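In case you want the letters, here they are:
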Amino acid sequence: MTEADSTSGEVAQSATVVVIGAGPAGLTVAALLRRCGIDCVVLERRSRAYVAQRQRAGIVESRAVAMFESWGLADLVLGGAPHDGILEFRVDGEPHFVDDTGGAEGPPARLCPQQVLVQKLTATLLADGADLRYETADVSLYDLTGDGPTVRYRSADGTRHAITCAFVAGCDGDHGVTRSAVPDGVLTAHTLDHGIGWLTVLADAPPPAHPLLAVGSEGFAAHFPRGPHSSRYYLQCPPDDRPDAWPDARVWEALRSRLADPALTAGEITDRETFRLRSLVHDPMQYGRLFLVGDAAHILSPMGGKGMNLALYDADLFARAVRDHVRDDDDSGLRTYSRRCLRRVWSDQEFSHWLTRTVHDAGDDTGSGPFLRHLARARLDRLFTSPTAARSFAELMTGLDPA
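Figured I'd write up the structure that's included with this text. (Residues numbered from 1 in each chain as written. Predicted model: local features only at pLDDT ≥ 70, side-chain atom pairs only at ≥ 80, totals over all residues. Heavy atoms only, no water.)

Some words on the packing of helix α3 (residues 62–70) against helix α8 (residues 307–328)
At their nearest, the axes of α3 and α8 sit 9 Å apart, and the two run at 30° to each other. The angle between α3 and α8 falls in the class roughly parallel. For the element pair α3 and α8, the recorded crossing hand is left-handed. Contacts between α3 and α8 pair R63, A64, M67, F68 and S70 from the former with N309, L310, L312, Y313, D316 and R320 from the latter. Split by residue class, the contact of α3 with α8 holds six nonpolar, two polar and three charged. (Axes fitted to C-alpha atoms, helices over the stretch in contact; angles between N-to-C directions. Helix = DSSP H or I, 4+ residues; strand = E, 2+ residues; numbered from the N terminus. Parallel < 35°, antiparallel > 145°, perpendicular 65-115°, else oblique. Left-handed = near helix turned anticlockwise from the far one by under 90°. Contact = heavy atoms within 4.5 Å. Nonpolar A, V, L, I, M, F, W, Y, C, P; charged D, E, K, R; others polar.)

Shown next, in the form of structure tokens:
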């Protein structure tokens, strides 16, 4: 319901859920809620065009594919080819192939870049009549611990709006407004700086046959598919390095050397950036009727591809909890949301940290030293030779482990 409030100059509205942020987490929350017949409004500070082209993660793991299938959305929102389950570790130029499905019975992961998932979720929601509002400014949250929180914002044309709701889903990332609306002292932030930098490069160049992680004395490198004619590359670099320190010639020279592929085909570099690997967990993931989803609650190092997939897991738990509340007056899912999410968060954090330390410590030992290098090499050797270790690794990669 929408009506103008002549005294405040605001357009007043009510909704069951206000979703703040139109990335994978927010759009998935909206899609799942609408699947339940629950109304929601999605607010996004960026333009639709900007959100649709934002380049990030590229694999939707088996657990998340199964989740979309359970909601009847997989065929609508998942693009990209199925992942064949083979991951290549190239150690000092020697290839080792690991089946990262471990024979699991779940659906295959999908090589689906974030922008493809976002575009398909957006199209599905708009076709279903969803209320998506872009270029919203001055978003603020009120009465989060009361019975009816209010979200205020200003639309692109300058009109001020106030939406009263039952719940707010904070899906606006690490620097969004929702987490900052929580009073100081309520959340505990657990942080880790890995002391590692990455240069990430997107290029119009042939993708690898299999996702590739390369370990060697010059530092870590990786090569991942991002489509039939494009690739994402990663190069370990000093934590405070800048993109302009990596001109094209240096990028391709380092990739050919670290990937042990002198004939690697170069292509036009369409995007490059540097960043520090860090991990962050906020506990709890809820304050009153505000529920944090995805990057607003936790950041993982990119190793293992868990960031976006963990956000999808949060979205699923939140949507089911709201559905149970609305349909059955059952609040157990809402009460246990943070605890259940954090169990998965810490499991994925541990795996991401294990893989991060392993592939970096096993290569350039300038920072870690020879002792940790030998330990990391031993972990890789166990992965390559032990069926039990390989199965455990596969469970964690697919997300089909018991956590």
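Looking at the pairing of strand β2 (residues 10–20)
Consecutive residues of a regular strand have side chains that alternate between opposite faces of the sheet. Where burial is concerned, most of β2 is hidden: eight out of the 11 residues are buried. One ladder, built from four bridges, connects β2 with strand β3 (residues 40–43); its direction is parallel. Considered in β3, the bridge of V17 is made with C40. (Buried < 20%, exposed > 50% of the residue type's maximum accessible area, 1.4 Å probe, protein only. Pairing = 2+ DSSP bridges.)

Points about the nonpolar core
In this structure, V17, V29, F68, L117 and F318 are the most contacted members of the largest nonpolar core, which totals 75 residues. Element by element, the count of residues in this core is highest for α8, at 11 residues. The contacts of L117, once residues within four sequence positions are left out, are P24, F68, V77, L78, C112, M308 and L312. Among the nonpolar cores identified, the runner-up in size contains 24 residues, and I196, W198, L355 and V359 belong to it. (Core = buried A, V, L, I, M, F, W, Y, C linked by side-chain atoms within 4.5 Å.)

Some thoughts on helix α7 (residues 248–258)
The periodicity of an α-helix, 3.6 residues per turn, causes residues three or four positions apart to be oriented the same way. Within α7 the residues assigned to the buried category are V251, W252, A254, L255 and R258. Down the axis, α7 shows its buried residues gathered within 165° of arc, on one side only. For α7, the exposed residues lying more than 90 degrees away from the buried face are A249 and E253. Contacts from the buried residues of α7 go to β12 (188–204), β13 (212–215), β14 (221–225), β15 (231–237) and β16 (268–283). (Arc of directions from axis to C-beta.)

Here's the deal with the sheet that holds β12
Sheet architecture is open: eight strands sit in the order β6-β5-β13-β14-β15-β12-β16-β19, paired in mixed fashion. Every other strand in the sheet has two partners, leaving β6 (94–99) and β19 (298–299) as the edge strands with one partner each. One ladder, built from four bridges, connects strand β5 (residues 86–91) with β13; its direction is parallel. Across the sheet, R90 pairs through a bridge with A214, a residue of β13. The strands that helix α9 (residues 332–361) touches are β5, β12, β13, β15, β16 and β19; relative to β16, the one it contacts most, it runs at about 130°.

Notes on α3
Three or more residues of α3 are buried, namely S62, R63, A64, V65, M67 and F68. Following α3 by one or two positions, G72 adopts a phi angle in the positive range, close to 70°.

Side note on the environment of F291
As for its position among the elements, F291 is in strand β18 (residues 290–292). The class for F291 is buried, based on a relative accessible area of 2%. Once the C-alpha coordinates of F291 and G80 are considered, the two residues, 211 residues apart in sequence, prove to be 30 Å apart. Those residues within four positions of F291 in sequence are excluded, and the remaining contacts are F167, V168, A169, G170, M285, Q286, F318, L334 and Y337.

Structural notes on the pattern of salt bridges
A complete count under the given rule lists 22 salt bridges for this structure. One salt bridge in this structure joins R276 and D240, with 2.7 Å as the shortest N-O distance. Of this pair, R276 sits in strand β16 while D240 is found in the loop between β15 and α7, placing the two residues 36 residues apart along the sequence. Classification of R276 by relative accessible area gives partly exposed; the value is 33%. Look at D240 and you get exposed, because its relative accessible area is 62%. For D244, the salt bridge goes to R242, with nearest N and O atoms at 3.8 Å. For the pair formed by D244 and R242, the shared burial category is exposed. A network of salt bridges, in which partner residues are shared, links E61, R63, K306, R344 and D348. (Salt bridge = Lys/Arg side-chain N within 4 Å of Asp/Glu carboxyl O.)

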